[in-house]
Amino acid sequence: GQKGDATSGVSWGLERGDDIMLTEWNGTIFGPLGTAYDNRIYSLSIICGPSYPDTPPEVKFNTQINMNCIDQGTGKLKSSWSMLSGWNRNYTIEKILQHLRSEMSSSANKKLPQPP
């Protein structure tokens, strides 16, 4: 069961339908138009640990991407990224994905060369 719609550019859903602890999620971000991410679809893994939502989830890009908030070696979001470093328990998976998508359009990221 994926949630989201094409107009928002993001979707998300449980990795396994029988995950009653709601721990492992998949996310998808459609690259924004007019950026280096245009015409690309990005797959992410989101792990909500036992202390979520009091602590942020672990977010990792499964698709290669070049962004200043991503550790290029692991594909994981850096803990210094504004949304993780200023974590609020009211943030949702949808909000994380939407914030990442808007980050793709930021002046710091939108022209970065992308892996093939």
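Residues numbered from 1 in each chain as written. Predicted model: local features only at pLDDT ≥ 70, side-chain atom pairs only at ≥ 80, totals over all residues. Heavy atoms only, no water.

### Comments concerning helix H2 (residues 93-104)
And then number 1: For H2, spanning 12 residues, the distance from its first C-alpha to its last is 17 Å, which sits close to the expected 16 Å at 1.5 Å a residue.
And then number 2: Buried within H2 are the following residues: Ile93, Ile96, Leu97, Leu100, Glu103 and Met104. Across the axial projection of H2, the buried residues extend over an arc of 120°, all falling on one side.
And then number 3: In this fold, the buried residues of H2 make contact with strand S2 (10-14), strand S3 (24-30), strand S4 (41-47), strand S5 (58-61) and helix H1 (82-85). (Helix = DSSP H or I, 4+ residues; strand = E, 2+ residues; numbered from the N terminus. Expected span 1.5 Å × (residues − 1). Buried < 20%, exposed > 50% of the residue type's maximum accessible area, 1.4 Å probe, protein only. Arc of directions from axis to C-beta. Contact = heavy atoms within 4.5 Å.)

### Digging into the packing of aromatic side chains
And then number 1: Applying the stated rule across the entire model yields 4 aromatic pairs.
And then number 2: On the numbers, 6.2 Å between centres and 45° between planes, the contact of tyrosine 52 with tryptophan 87 is tilted. A residue pair is termed long-range when its members are at least 10 positions apart, and tyrosine 52 in the loop between S4 and S5 and tryptophan 87 in the loop between H1 and H2 qualify at 35 residues.
And then number 3: By relative accessible area, tryptophan 87 is classed as buried at 15%.
And then number 4: An aromatic cluster is present here, built from Tyr37, Tyr42 and Phe61 joined pairwise through their rings. (Phe/Tyr/Trp six-rings, centres within 6.5 Å; stacked < 30°, edge-to-face > 60°.)

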